[in-house]
Amino acid sequence: MTAVGADRPGIVAALTGALLGIGGNLADVRAALLRGSFATVLAVALPEGVGPEQVEAALRPVADELGLGLWVGLAAERPAGPAPERAVLSVYGADHPGIVHGVTRALADRGANIVDLSARVVGDPPIYVLGIELELPPGVDAAALQDALAPVAEEHGVEMALEAERDEVL
């Protein structure tokens, strides 16, 4: 489910309280505040016999009271098999329109799947900072993908670094 609206205290508490009321258990959650707007995406494990209609009925009054847009639906199942390798792409340079589009178009054209993306302008003079966690396409390693992205970095006048994620035990 997703919920989006003007930020205020208590949004997460209200949504999760309604889910708890129908026996829902949070599996995965992402939430972010962006210039006064709050957005969250929740993957919820539900008890037998509870489906999207019941989730919608439980959450709609909460969403309406808080002025949130709400979407409830079934999550797509990930194909069986080993999880794709992941990498983190860091991009930074002088701010100008088109950086995110250029980088994400190049990733899509090469079969890389974006898992997480965040971007912001920092500093004076303004520097655009973009971070992307991605799944590498089958048979492509991080070094090869970074080489393929080099023309995009040059075109946009940005620095790029792509590092494979490592599973480390702490």
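Everything discussed here concerns the structure shown above.
Residues numbered from 1 in each chain as written. Predicted model: local features only at pLDDT ≥ 70, side-chain atom pairs only at ≥ 80, totals over all residues. Heavy atoms only, no water.

Enquirer: What should I look at first to understand the nonpolar core in this one?
Expert: Looking at soluble globular proteins, one finds that nonpolar side chains tend to be buried together. In this structure, Leu89, Val91, Val103, Leu107, Leu134, Leu145 and Met160 are the most contacted members of the largest nonpolar core, which totals 21 residues. Residue assignment for this core shows that the elements contributing at least two residues are strand E5 (86-94), helix H3 (99-109), strand E7 (127-135), helix H4 (142-156) and strand E8 (158-164). It is H4 that contributes the most residues to this core, five residues altogether. Other than its neighbours up to four places away in sequence, Val103 contacts Leu89, Val91, Leu130, Ile132, Val152 and Met160. If you look at the next biggest cluster of nonpolar residues, it comprises 16 residues, including Ile11, Leu15, Ala18 and Leu59. (Core = buried A, V, L, I, M, F, W, Y, C linked by side-chain atoms within 4.5 Å. Buried < 20%, exposed > 50% of the residue type's maximum accessible area, 1.4 Å probe, protein only. Helix = DSSP H or I, 4+ residues; strand = E, 2+ residues; numbered from the N terminus. Contact = heavy atoms within 4.5 Å.)

Enquirer: Got a minute to help me understand the sheet that holds strand E4 (residues 69-71) in this structure?
Expert: In any sheet, the strands associate via hydrogen bonds between backbone groups, in a parallel or an antiparallel arrangement. Read across the open sheet, the four strands follow the order E2-E3-E1-E4; overall the sheet is antiparallel. Across the chains shown, the open sheet's two edge strands, defined by having one partner strand only, are strand E2 (25-34) and E4. Within this sheet the neighbouring strands show an average axis-to-axis angle of 10°, counted without direction. Where strand E1 (residues 2-6) lies against E4, three bridges are found, and the strand directions are antiparallel. Across the sheet, Thr2 pairs through a bridge with Trp71, a residue of E4. Most of the contacts of helix H1 (residues 11-21) go to strand E3 (residues 37-45), to which it runs at about 25°, and overall it touches E1, E2 and E3. (Pairing = 2+ DSSP bridges. Axes fitted to C-alpha atoms, helices over the stretch in contact; angles between N-to-C directions.)

Enquirer: I keep staring at the packing of H3 against H4 and nothing clicks. Help me out?
Expert: A pair of packed helices is characterised by two quantities: the angle between their axes and the separation of those axes. In the contact formed by H3 and H4, the axes pass within 10 Å of each other and the chain directions differ by 155°. As summarised for this structure, H3 and H4 are arranged roughly antiparallel, according to the angle between their axes. Read as a crossing pair, H3 and H4 show a hand that is right-handed. On H4, the residues that touch Ile99, Gly102, Val103, Ala106 and Leu107 of H3 are Leu145, Leu149, Val152 and His156. Here the contact of H3 with H4 is composed, by residue class, of seven nonpolar, two polar and no charged. (Parallel < 35°, antiparallel > 145°, perpendicular 65-115°, else oblique. Left-handed = near helix turned anticlockwise from the far one by under 90°. Nonpolar A, V, L, I, M, F, W, Y, C, P; charged D, E, K, R; others polar.)

Purely geometric numbers; function is a separate question.
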